[in-house]
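An overview of the molecular structure
Given next are the chains, with one letter for each unit.
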Amino acid sequence: MVTCELTVQALWCFTRQIQQMIEDGQDPSMPEQYGWRFLRAAYSRLTTARAQETAQHVLMREAIMKASGLAERLRAAQDALRESVG
C-alpha cells in the first residue's frame, strides 16, 4: 500500500504540473514516454483490481484513489495531452 500511496502522490504532482501549464495558457507537452499513453497506463494500474489482490487491498486502493481525486486528474491530463499532440 505504501507503493500505491507514493505512486498516487507522484502522479498527482505530475498532473498538477500539466494543469498549471494549461492555466498559464500553454499547450502542455511531455516527452512521448510520459505522454497521454503513460497516464492511461497509470490510470489502468491504479483503478483495475488484480487477481492476486485481497479484498482489503482493493478497498484500500480504491479509498486512496477516491480521497486523492487522482482518477479525474489523470483523465483530464490525458485529454489535455491528447489535444496538444493532435
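This one's a predicted model, so the numbers in the text were calculated from it and none came from an experiment. (Residues numbered from 1 in each chain as written. Predicted model: local features only at pLDDT ≥ 70, side-chain atom pairs only at ≥ 80, totals over all residues. Heavy atoms only, no water.)

To continue, consider the pattern of salt bridges. Under the criterion given, the structure shown has 3 salt bridges. Note that Arg61 is salt-bridged to Glu53, the shortest N-O span being 3.0 Å. Residue class for Glu53 comes out partly exposed when judged on its relative accessible area of 23%. Notably, a salt bridge pairs Asp79 with Arg82, separated by 3.6 Å at the nearest N-O pair. Placement of both Asp79 and Arg82 in helix 4 (residues 70–85) is noted, with a separation of 3 residues, approximately one turn of the helix. Relative accessible area serves as the criterion here: at 40%, Asp79 is assigned to the partly exposed category. Look at Arg82 and you get partly exposed, because its relative accessible area is 35%. (Salt bridge = Lys/Arg side-chain N within 4 Å of Asp/Glu carboxyl O. Buried < 20%, exposed > 50% of the residue type's maximum accessible area, 1.4 Å probe, protein only. Helix = DSSP H or I, 4+ residues; strand = E, 2+ residues; numbered from the N terminus.)

In this section: the nonpolar core. With 18 residues, the main nonpolar core has Val8, Leu11, Ile18, Leu39, Leu46, Met65 and Leu70 as its most contacted residues. Looking at this core, the element that brings in the most residues is helix 4, giving 6 residues. Other than its neighbours up to four places away in sequence, Leu11 contacts Phe38, Leu39, Ala42, Leu46 and Leu70. (Core = buried A, V, L, I, M, F, W, Y, C linked by side-chain atoms within 4.5 Å. Contact = heavy atoms within 4.5 Å.)

Just distances and angles here, no functional claims.
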